[in-house]
Amino acid sequence: MSAAPVVELLRRAERQEPRRPSYEASLLFEHAAMAIGHVRDRQLQRCNRRLETLFGYGPGELNQRNLQMLYPSYSDYVACGRSSGRQLERQGSCRIERLMRRRDGSLFWCQLSGQAVDVSRPSAGSVWTIEDISARKQAENALREAQAQLEQQLAEIRRRHQEDLARASRLNSMSEMAGALAHELAQPLAATLNYLHGCQLRLKQGDCTSEQLDGVISRAIQHTETAGSIVRQVHGFVRRHVPETTATDLHALIGDMLGLLDHQRRKLGVRLELLLAPAPPTVMVDALEIRQVLLNLIRNAYEAMATSPAEQRLLRIESRPLAGGRVEVTISDRGPGISPEACSQIFDAYFTTKQDGLGLGLAVCRSIIESHGGSLRVASNPEGGACFRFDLNTVMNP
Amino acid sequence: MKAANEMTEILTPSRSTVFVVDDDTAMRDSLRWLLESAQLNVQTCDSAEAFLAIARPDACGCLVLDVQMPGLSGPELMDELKRRHIHLPILFLSGHGDIPTVVQAMKGGAVDFLQKPYDNAQLLERIGQALTLDADSRDARRREFLRSQRLEGLTAREREILDQVVAGRSNKEVGRKLAISYKTVEAHRGRLMRKMGAASFAELLQMMLGGRRETI
Ligand SMILES: Nc1ncnc2c1ncn2[C@@H]1O[C@H](COP(=O)(O)OP(=O)(O)OP(=O)(O)O)[C@@H](O)[C@H]1O
Ligand SMILES: [Mg+2]
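Residues numbered from 1 in each chain as written. Chains lettered and ligands numbered in written order. Predicted model: local features only at pLDDT ≥ 70, side-chain atom pairs only at ≥ 80, totals over all residues. Heavy atoms only, no water.

Observations regarding the overall build of chain A
Next, step 1: The helix and strand tally for chain A stands at 11 helices and 12 strands.
Next, step 2: Here chain A, with 398 residues, has 43% of them falling under the buried criterion.
Next, step 3: Long-range pairs, those at least 24 residues apart, make up 63% of the contacts in chain A between residues at least 6 apart in sequence. (Helix = DSSP H or I, 4+ residues; strand = E, 2+ residues; numbered from the N terminus. Buried < 20%, exposed > 50% of the residue type's maximum accessible area, 1.4 Å probe, protein only. Contact = heavy atoms within 4.5 Å.)

Listed below in structure tokens is the structure:
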């Protein structure tokens, strides 16, 4: 509600009867449902009963009192007076929302609406109506909080959804790779058995030196460790993932994934070209997630080249330091490449052109890289095929 | 007429070798250790092409072959060896999913296979069998080679008489059939026995009938 009608009454009263307001004006003033006060030189000339009760004062206690007592602090009083004075001069009225102080020292939100009695005559003062808006403020705050909470929940749901997609994609990769992985495991285990059986035969015949045995047993141990590491990788991919950020050698991750996919590579006769930065970049990442990115991109590349002529099958992995301590990894294949129309869709979840693809691989890759503060992009390989590129922040060596 | 190099193969057998062809370094190295521990002579190659470069028709022993390799695959190598008249028995070590390929290859000849992961006792036994098979077929081929050489040394008349005799006719019947005297038949018969290197009639019969049944 504005103070304009009251001012109008005051003015009218002044015109008709310069000293005293009319009886109706006084009635209206006293019994208005709204707190009203007449201020001059930052002093309350008069106020109605409603204003007194609003601030916790008794009848007449505020008359001729300085406004400072209604403000939370002296500096509030000064600042508010300065800005409202300017506004009243400029436009004759002003509206302020701020905290005010009751007699007992408690603070509450008010809306103050001021109206100059006569703009050309600042000494005539201004009339103010004051409304307690604590309830509205409270509601607004509650709403803001609820909104923030909702957004947080949404973000959490989105994050969990991303995690579920990532896990589904990991499980699917592992189930599709089961055969190849069995082969990948069979190889080191068979080698280990060969070494050990050979040792047994020789021990029976007594025709070997202990250095010979030592060398062979070391090799057997090494192969058993290879097998163990494959089992660990698979386990990491299928078990529920607990996010964990660690300083990791990016090249080691690339090596791990190439190893895990080596059977598929040999089967397709894909040649490998590694152009890795001379200094192995250390990145602060969730190692499993970056493994998953590498696995998806390399698998996509192999799958893309399955139909290329055999002599053309070449996978190139490049790592390159960028300015600002970042590192860029590029995975290029010589498959059919990706059409400009498809480029806008391949990162969408569920977009796939493969018979039994889930279409999750690239969507998951992109969300993982973005959550690491990087970006994943596709380009065409100038030599034919597709090329996927992402960047990560490295840990600067001290 | 057979190729000249095959003649040397037949006449001068070399020591049996187990040729291991596998692109995986660990498999090659560990198989070498195992087979040498079993006192076998081993030679390893990292690809089918590498093996073809060293394979000689007089190679004797057997071939232990990985099915999946970059470049020529195991079965492709087998075809190439057949084309080059290299008759080594082949033992395929097949991985997951290779069975159809191997079964296809088995139609092509002296082929055995073991599925990975296999039992090493089994591997050694199969290699032993392959080596025996190679020795036997080499022996058979040598006999067949000598037989055909000797047959070529017979005159037309001796050849005629040999066929009759092997068909079970007596000297008298042969003489009557060919309108020559019993004595002449007997003389021819003695000469052809000598040329064929047969000490007795039974040996001659076995050489001719056994030889005909033999397949290489
Ligand atoms: N290297 C590539 N060359 C050509 N096309 C590609 C390549 N990588 C991805 N694509 C295209 O993008 C689509 C989406 O890839 P994405 O990895 O997201 O799913 P997918 O491979 O189809 O299934 P999955 O969820 O099992 O990985 C593929 O179906 C394919 O059409
Ligand atoms: Mg994919």
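So that's the structure; there's more coming.
Describing the packing of aromatic side chains
Residue and element names in this part refer to chain A.
Next, step 1: Taken as a whole and judged by the stated rule, the model has five aromatic pairs over all chains.
Next, step 2: Centre to centre, the rings of tyrosine 74 and tyrosine 77 are 5.8 Å apart; their planes meet at 40 degrees, and the pair counts as tilted. Of this pair, tyrosine 74 and tyrosine 77 are both found in helix α4 (residues 74-91), three residues apart, which corresponds to roughly one turn of the helix.
Next, step 3: The class for tyrosine 77 is buried, based on a relative accessible area of 10%. (Phe/Tyr/Trp six-rings, centres within 6.5 Å; stacked < 30°, edge-to-face > 60°.)

Re the pattern of salt bridges
Residue and element names in this part refer to chain A.
Next, step 1: For the structure on display, the rule yields 39 salt bridges over all chains.
Next, step 2: Between aspartate 76 and arginine 98 there is a salt bridge, with its nearest N and O atoms 3.5 Å apart. Taken together, the residues aspartate 76 in helix α4 and arginine 98 in strand β3 (residues 93-101) connect sequence positions 22 residues apart.
Next, step 3: According to the relative accessible area criterion, aspartate 76 is partly exposed, its value standing at 24%.
Next, step 4: The closest approach of N and O atoms between glutamate 273 and arginine 316, which form a salt bridge, is 3.3 Å. (Salt bridge = Lys/Arg side-chain N within 4 Å of Asp/Glu carboxyl O.)

Focus on the layout of surface pockets
Residues and elements named next belong to chain A.
Next, step 1: By volume, the largest pocket amounts to about 770 Å³.
Next, step 2: For the lining of the largest pocket, the secondary structure elements donating two or more residues are α5 (134-205), α9 (287-305), α11 (361-371) and β12 (386-393).
Next, step 3: Sort the elements by how many residues they give to the lining of the largest pocket and α9 lands first, with five residues. (1 Å grid on protein atoms, 1.4 Å probe; cavity = no way out; pocket = protein on both sides within 12 Å on 5 of 7 lines; lining within 4 Å. Points joined across faces, edges and corners; volume = space filled by probe spheres on them.)

A word on the nonpolar core
A general feature of soluble globular proteins is that nonpolar side chains tend to end up buried together.
Residue and element names in this part refer to chain A.
Next, step 1: In terms of nonpolar packing, the biggest core is built from 48 residues, with Ile290, Leu297, Ile298, Tyr302, Leu315, Phe390 and Leu392 touching the most fellow members.
Next, step 2: The element contributing the most residues to this core is α9, with 11 residues.
Next, step 3: The two domains that each donate at least three residues to this core are domain 2 (177-241) and domain 3 (242-398).
Next, step 4: In this structure, leucine 297 is in contact with Ile331, Leu362, Cys365, Leu376, Phe388 and Phe390, ignoring residues within four places of it in sequence.
Next, step 5: Among the nonpolar cores identified, the runner-up in size contains 25 residues, and Ala35, Phe55, Ile96 and Leu112 belong to it. (Core = buried A, V, L, I, M, F, W, Y, C linked by side-chain atoms within 4.5 Å. Domains from an automatic or database assignment.)

Digging into the packing of helix α6 (residues 210-238) of chain A against α9(A)
All names here are of chain A.
Next, step 1: Two numbers describe how α6 lies on α9: the axes approach to 11 Å, and their chain directions differ by 100 degrees. Here α6 is positioned roughly perpendicular relative to α9, judged by the angle of their axes. Touching Gln233, Gly236 and Phe237 of α6 are Leu288, Arg291, Gln292 and Leu295, all from α9.
Next, step 2: When its residues are assigned to classes, the contact of α6 with α9 shows three nonpolar, three polar and one charged. (Axes fitted to C-alpha atoms, helices over the stretch in contact; angles between N-to-C directions. Parallel < 35°, antiparallel > 145°, perpendicular 65-115°, else oblique. Nonpolar A, V, L, I, M, F, W, Y, C, P; charged D, E, K, R; others polar.)

Remarks on the pairing of strand β2 (residues 42-45) of chain B
Next, step 1: Bridging between strand β1 (residues 17-21) of chain B and β2(B) involves four bridges; their strand directions are parallel. The residue of β2(B) that forms the bridge with B:Val20 is B:Thr44. (Pairing = 2+ DSSP bridges.)

Quick notes on the interface of chain B and chain A
Next, step 1: Opposite the 21 residues of chain B that make contact, chain A presents 23 residues.
Next, step 2: Buried surface at the junction of chain B and chain A, summed over both partners, amounts to about 2000 Å²; 58% is from carbon and sulfur atoms.
Next, step 3: For the pair chain B and chain A, the number of links is two salt bridges.
Next, step 4: One salt bridge in this structure joins A:Arg219 and B:Asp29, with 2.3 Å as the shortest N-O distance.
Next, step 5: Applying the counting criterion to the chain B and chain A interface returns 10 residue pairs in polar contact (both at pLDDT 80 or more).
Next, step 6: Contributing elements (two or more residues each) for the side of chain B that touches chain A: α2 (25-37) and α6 (120-152) of chain B.
Next, step 7: Examining the composition of the side of chain B that touches chain A, we find that nine residues originate from one element, α2(B), more than from any other. (Buried area = accessible area lost by both parts, 1.4 Å probe. Polar contact = N/O pair within 3.5 Å; in protein donor to acceptor, adjacent residues only side chain to side chain.)

Section: the site of ligand 1
Residue and element names in this part refer to chain A.
Next, step 1: The immediate surroundings of ligand 1 are formed by 19 residues, with Asp333, Thr352, Thr353, Lys354 and Leu362 found nearest.
Next, step 2: Within the side chain of threonine 353, one N or O atom sits 2.4 Å away from an oxygen atom of ligand 1.
Next, step 3: For ligand 1, an oxygen atom lies 2.8 Å from a polar atom in the backbone of leucine 362.
Next, step 4: Starting from 600 Å² of accessible surface for ligand 1 in isolation, the protein chains cover 92%.
Next, step 5: According to the grid-proximity analysis, the pocket containing ligand 1 is the largest pocket.
Next, step 6: Elements represented by at least two residues in the shell around ligand 1 include exactly α9, α11 and β12. (Near = heavy atom within 4 Å. Areas by Shrake-Rupley, 256 points an atom, 1.4 Å probe, with all protein chains shown as cover. Sits in = over half its atoms within 2 Å of the grid points.)

Geometric values such as these leave the question of function open.
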